[in-house]
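Chain by chain, the residues:
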Amino acid sequence: MPGGYRGGWARQESPRGSAAALMGSIAEFEDVREGMSRLSAALTAPAVARNREPILAVLRNVLPTRGKVLEIASGTGEHAVHFACALPGLTWQPSDRDPQALRSIGAHRDQRQLPNILEPVELDVTASIWPVGLADAVVAINMIHIAPWQATEGLIRGAARILPQGCPLFLYGPFKEGGEHTAPSNAAFDADLRSRNPDWGVRDLGDVCELASAHGFDVIERIPMPANNLSVVFRKRGDVRLGDAKED
Ligand SMILES: C[S@@+](CC[C@H](N)C(=O)[O-])C[C@H]1O[C@@H](n2cnc3c(N)ncnc32)[C@H](O)[C@@H]1O
């Protein structure tokens with residue numbers, strides 16, 4: 001079976017010990033109870049444990065050493081905490097458009113208590129205004145095939161708006177190439193996606209590159225990944241200007 005989002009999300013077990021055992025006062029209990037419900041919102045996607053290290057190895061070469069990374073469609077939030085932990089010079093901004101995903105990202109963030117991961121923001125890539133106005137890199141993992149083509153258009157249009165020249169847009173997932181699937185498992189995954197939503201489906205790399213080029217991106221690299229996925233790196237044309245994203 002190809003990698004990426006194949007198995008759906010599962011709820012992570014709550015930590016051991018009751019909230020009452022930690023209670024020192026009613027106010028504290030309320031804090032703990034709120035904390036517990038945040039933690040129990042933490043979801044897991046089995047694919048993340050398989051793909052996060054290969055993706056991280058690529059990101060180490062693609063991302064700047066400092067600056068703000070906007071992660072689109074963070075899903076469970078497991079990638080966000082893993083990458084933020086491994087890349088401490090970066091400030092990681094997770095996002096998603098789905099409220100359940102936002103709760104899960106928040107719960108993983110609370111668990112890990114990392115200094116360089118921001119509160120998740122609600123971000124639908126098709127919106128004309130994004131809640132993040134400037135970033136040093138945009139990362140989108142396993143999103144464009146599990147959304148209508150308009151989401152790919154929104155992603156590339158939005159990334160072009162917020163990335164300074166020279167900064168990277170990183171995509172990961174399965175792609176067709178030359179209009180053909182690259183593996184039978186990707187063809188089966190594509191058919192499954194389309195049966196769930198006819199507007200979803202594995203995208204052709206040529207179509208994505210053409211769109212990106214029209215929005216001022218150069219295609220820098222196509223990196224084969226495990227389980228018939230690709231990492232694809234684009235950069236905004238022009239002079240490199242890294243590490244200087246300002247807060248909105
Ligand atoms: C398959 S999950 C991938 C999650 C995570 N990146 C991963 O690899 O585990 C696809 C994600 O895309 C998000 N998504 C779908 N359409 C979107 C849109 N228009 N804008 C932002 N996120 C979107 C969904 O909410 C979901 O969290």
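Residues numbered from 1 in each chain as written. Predicted model: local features only at pLDDT ≥ 70, side-chain atom pairs only at ≥ 80, totals over all residues.

**Side note on the overall build of the chain**
Phase 1 of the analysis: For the chain, the count of helices and strands is seven helices and 11 strands.
Phase 2 of the analysis: In the chain, which comprises 248 residues, the proportion classed as buried is 41%.
Phase 3 of the analysis: Restricting to contacts in the chain with at least 6 residues of sequence separation, those with at least 24 account for 75%. (Helix = DSSP H or I, 4+ residues; strand = E, 2+ residues; numbered from the N terminus. Buried ≥ 20, exposed ≤ 12 C-beta atoms within 10 Å, placed from the backbone. Contact = placed C-beta atoms within 7 Å.)

**Some thoughts on the sheet that holds strand E6 (residues 137–141)**
Pairing between the strands of a sheet is mediated by backbone hydrogen bonds and can be parallel or antiparallel.
Phase 1 of the analysis: With mixed pairing, seven strands are arranged side by side in an open sheet as E5-E4-E3-E6-E7-E11-E10. Two strands bound the open sheet, and with one partner strand each, they are strand E5 (121–122) and strand E10 (217–225).
Phase 2 of the analysis: Where strand E4 (residues 90–96) lies against E5, two bridges are found, and the strand directions are parallel. Along E5, the bridge assignment pairs Ser95 with Val121.
Phase 3 of the analysis: In this fold helix H2 (residues 46–62) packs onto E6, strand E7 (168–173), E10 and strand E11 (229–236), with an angle of close to 165° to the strand it touches most, E7. (Pairing = 2+ DSSP bridges. Axes fitted to C-alpha atoms, helices over the stretch in contact; angles between N-to-C directions.)

**As for helix H7 (residues 205–214)**
Phase 1 of the analysis: Three or more residues of H7 are buried, namely Leu205, Val208 and Ala212. Burial along H7 is one-sided: seen end-on, the buried residues are contained in an arc of 65°. For H7, exposure combined with an orientation more than 90 degrees from the buried face picks out Glu210 and Ala214.
Phase 2 of the analysis: Those residues of H7 that are buried lie in contact with helix H5 (149–162), strand E8 (175–176), strand E9 (203–204), E10 and E11.
Phase 3 of the analysis: Gly216 sits one or two residues past H7 and shows a positive phi near 90°. (Arc of directions from axis to C-beta.)

**Focus on the packing of H5 against H7**
Phase 1 of the analysis: For the pair H5 and H7, the least separation of the axes is 9 Å and the interaxial angle reads 35°. The element H5 and its partner H7 pack so that their crossing is right-handed. Between H5 and H7, the residues in contact are Thr152, Glu153 and Ile156 and Val208, Leu211 and Ala212, respectively.
Phase 2 of the analysis: Per-class residue counts for the contact of H5 with H7 are four nonpolar, one polar and one charged. (Left-handed = near helix turned anticlockwise from the far one by under 90°. Nonpolar A, V, L, I, M, F, W, Y, C, P; charged D, E, K, R; others polar.)

**Quick look at the packing of H2 against helix H3 (residues 78–86)**
Phase 1 of the analysis: The contact between H2 and H3 brings their axes to 10 Å, and the two run at 40°. One way to sum up the angle between H2 and H3 is to call them oblique. Of the two elements, H2 crosses H3, and the hand of that crossing is right-handed. Touching Val48, Arg52, Leu56 and Leu59 of H2 are Glu78, His79, His82, Phe83 and Ala86, all from H3.
Phase 2 of the analysis: Here the contact of H2 with H3 is built from residues that sort into five nonpolar, two polar and two charged. (Parallel < 35°, antiparallel > 145°, perpendicular 65-115°, else oblique.)

**Points about the confidence of the model for the chain**
Phase 1 of the analysis: Chain-level statistics for the chain give a pLDDT mean of 87 and a share of 81% at 70 or above.
Phase 2 of the analysis: Of the regions scoring below 50 in pLDDT, residues 13–36 engages in 14 contacts with residues more than four places distant in sequence or in other chains.
Phase 3 of the analysis: Low pLDDT, under 50, characterises residues 240–248; the stretch is placed with 23 contacts to residues that sit more than four places away or in other chains. (pLDDT = per-residue confidence, 0-100.)

**Section: the pairing of E4**
Phase 1 of the analysis: Counting buried positions along E4 gives seven out of seven residues, so the element sits mostly inside the fold.
Phase 2 of the analysis: Pairing analysis gives five bridges linking strand E3 (residues 67–72) to E4, with the strands arranged parallel. Its bridge partner being in E4, Gly67 is matched across the sheet by Leu90.
Phase 3 of the analysis: Crossover connection from E3 via H3 to parallel E4: handedness right-handed. (Right-handed = clockwise from strand over helix to strand, strands pointing away.)

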